[in-house]
Amino acid sequence: MQFDLLILQNLPDGILMRKLTAADQMLLQTGRYDLDDDEKLKLRYTAIDPMDRYVRCGCGKPGCWTNELRPLREHMTALIRTILSFGYRGLIDGGQNPWPGTFYALHMAVSIEDVFVDPAYIDESDSALYCDPAWEFDEEQREQSAKYVAALSIFNFTWTAYEAAIENALGPEYSNDKIPVQARKFFKVSDEQCWDTMRAFRGSYRVAKQICSRIPDLQGDIELIETKYGLTGAAAAAELVRIFRNHIFHGKDSTPLWGGLAKVSHFYATTRLLLMLIQNLLLLKARDTESDIPLSLVIEEKGNRPARFVLLNLHRPEAQWTPNSTR
């Protein structure tokens, strides 16, 4: 069959000696698997592999703020559980279904484990059937495009969660403004508890600003955040994610469709900021952040902690949580 020949002709030398099962062929056809030296399938990559690579620090210091960042999916999971606990305790509206726009969008974001993309779907030349360089180019495009689409999807769902959190937290306040502007104005006049106590929030803003400033289309607007508008703290972070979202929404971002590595660090860096901004909205607008909330509504052994303490530590691995840890 042509399908079998297509797969077999692109396998490493020597693999033809082993008869491939139909399941092996299907997995190899996805481009995600190779055969190792023992002729066993091994996963080459997933689309979300780059998720936590955007922060790289080589200082090696135990006290480096980057050590306080738990994996992004774990951060999302902790925030989702906290929103549920806040609803359970009546600290925010909704009871057992609190802030649904935020909860469900975050649930979709954290659920993404892999993405499959095939830019060659529109290729009418069939060159990859006969040309190894063309096949290799298509494979590279599939990998890089999958990583880009995964990062974009996670950012978009998290942005949706952020806008819903603004609506839930602020209500009619600043209602004459667009939703992202409402948050920026609110943070500008608020007591920024997260910003003042979480050095990882400040560090994450600096990293996201640095990454986004590499995009020529954004440089001018980012410079105005502090120089013209005098924004600092969470207000500056809210403006940065607003500028970045508009850049994406208006189709100005560079995609990997024409070759090259997928640029995804800007998606993950701004996604981290969005999570921390939602934490700040909860901290500033919940009814009582001094009362205890359960760390899990399912596992009693996890115990309870003060709501404020939980919000100030969500981004950190639980192993680092101590009674006085509010960074």
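These numbers were taken from a predicted model, which means no experiment stands behind them.

Caption draft 1: Seen up close, helix α10 (residues 233-249). The end-to-end C-alpha distance of α10, which contains 17 residues, comes to 25 Å, matching closely the 24 Å that a straight helix rising 1.5 Å per residue would cover. Counted residue by residue, α10 has 13 buried out of 17 residues, so it is predominantly covered. One or two residues past the end of α10 sits G251, with phi positive at roughly 70 degrees.

Caption draft 2: Quick look at the environment of N168. By the secondary structure assignment, N168 is in helix α5 (residues 132-170). A residue is classified by how much of its surface remains accessible, and N168, at 37% relative accessible area, is partly exposed. For N168 and L281, which are 113 residues apart along the polypeptide, the C-alpha to C-alpha distance reads 9.3 Å. Among the polar contacts made by the side chain of N168, one reaches the main-chain carbonyl oxygen of A164 at a distance of 2.8 Å.

Caption draft 3: Examining the pattern of salt bridges more closely. Enumeration according to the criterion identifies 16 salt bridges in this entry. Across the salt bridge formed by E74 and R70, the nearest N and O atoms sit 3.8 Å from each other. Judged by relative accessible area, E74 falls into the partly exposed class, the value being 40%. Its relative accessible area of 7% is what places R70 among the buried residues. Among the charged side chains, a salt-bridge network with shared partners connects R70, E74, K302 and E318.

Caption draft 4: A nonpolar patch on the surface, seen in detail. Among the surface-exposed residues, Y88, L297, V298 and I299 lie close enough to one another that they form a single nonpolar patch of about 430 Å² accessible area. Examined against the element boundaries, L297 turns out to sit in the loop between β3 (292-294) and β4 (304-306).

Caption draft 5: Region of interest: helix α3 (residues 72-88). The terminal C-alpha atoms of α3, which comprises 17 residues, lie 24 Å apart, in line with the 24 Å expected from a rise of 1.5 Å per residue. Taken residue by residue, α3 has L72, H75, M76, A78, L79, I80, T82, I83, S85, F86 and G87 as its buried positions. Backbone geometry just downstream of α3 places G90 in the positive-phi region, at approximately 75 degrees.

Caption draft 6: Representation of the side chain of R142. Examined against the element boundaries, R142 turns out to sit in helix α5. Overall, R142 belongs to the buried group, its relative accessible area being 17%. In terms of polar contacts, R142 uses its side chain to reach the side chain of E139, at 2.5 Å. Not counting residues up to four positions away in its chain, the partners in contact with R142 are Y45, V117, D118, P119 and A120.

Caption draft 7: How the structure looks around unusual backbone geometry. Even without glycine at this site, W99 takes up a positive phi of about 40 degrees. Along the polypeptide, W99 turns up in the loop between α3 and α4 (100-111). Taking relative accessible area as the criterion, W99 reaches 4% and is therefore assigned buried. For Y174, which is not a glycine, the phi torsion comes out positive at approximately 55 degrees. Looking at Y174, the relative accessible area reads 26%, which means it is partly exposed.

Caption draft 8: Looking closely at the packing of helix α8 (residues 199-212) against α10. For the pair α8 and α10, the least separation of the axes is 10 Å and the interaxial angle reads 35 degrees. By crossing handedness, the relation of α8 to α10 is classed as left-handed. Together, F201, Y205, A208, K209 and C212 of α8 and A234, A236, A237, L240 and F244 of α10 make up the contact between the two elements. In terms of residue class, the contact of α8 with α10 is built from nine nonpolar, no polar and one charged.

About the thresholds
- Residues numbered from 1 in each chain as written.
- Predicted model: local features only at pLDDT ≥ 70, side-chain atom pairs only at ≥ 80, totals over all residues.
- Heavy atoms only, no water.
- Helix = DSSP H or I, 4+ residues; strand = E, 2+ residues; numbered from the N terminus.
- Expected span 1.5 Å × (residues − 1).
- Buried < 20%, exposed > 50% of the residue type's maximum accessible area, 1.4 Å probe, protein only.
- Polar contact = N/O pair within 3.5 Å; in protein donor to acceptor, adjacent residues only side chain to side chain.
- Salt bridge = Lys/Arg side-chain N within 4 Å of Asp/Glu carboxyl O.
- Patch = residues over 30% accessible without salt bridge, like charges linked within 9 Å, V, L, I, M, F, W, Y side chains within 5 Å.
- Areas by Shrake-Rupley, 256 points an atom, 1.4 Å probe, with all protein chains shown as cover.
- Contact = heavy atoms within 4.5 Å.
- Axes fitted to C-alpha atoms, helices over the stretch in contact; angles between N-to-C directions.
- Left-handed = near helix turned anticlockwise from the far one by under 90°.
- Nonpolar A, V, L, I, M, F, W, Y, C, P; charged D, E, K, R; others polar.

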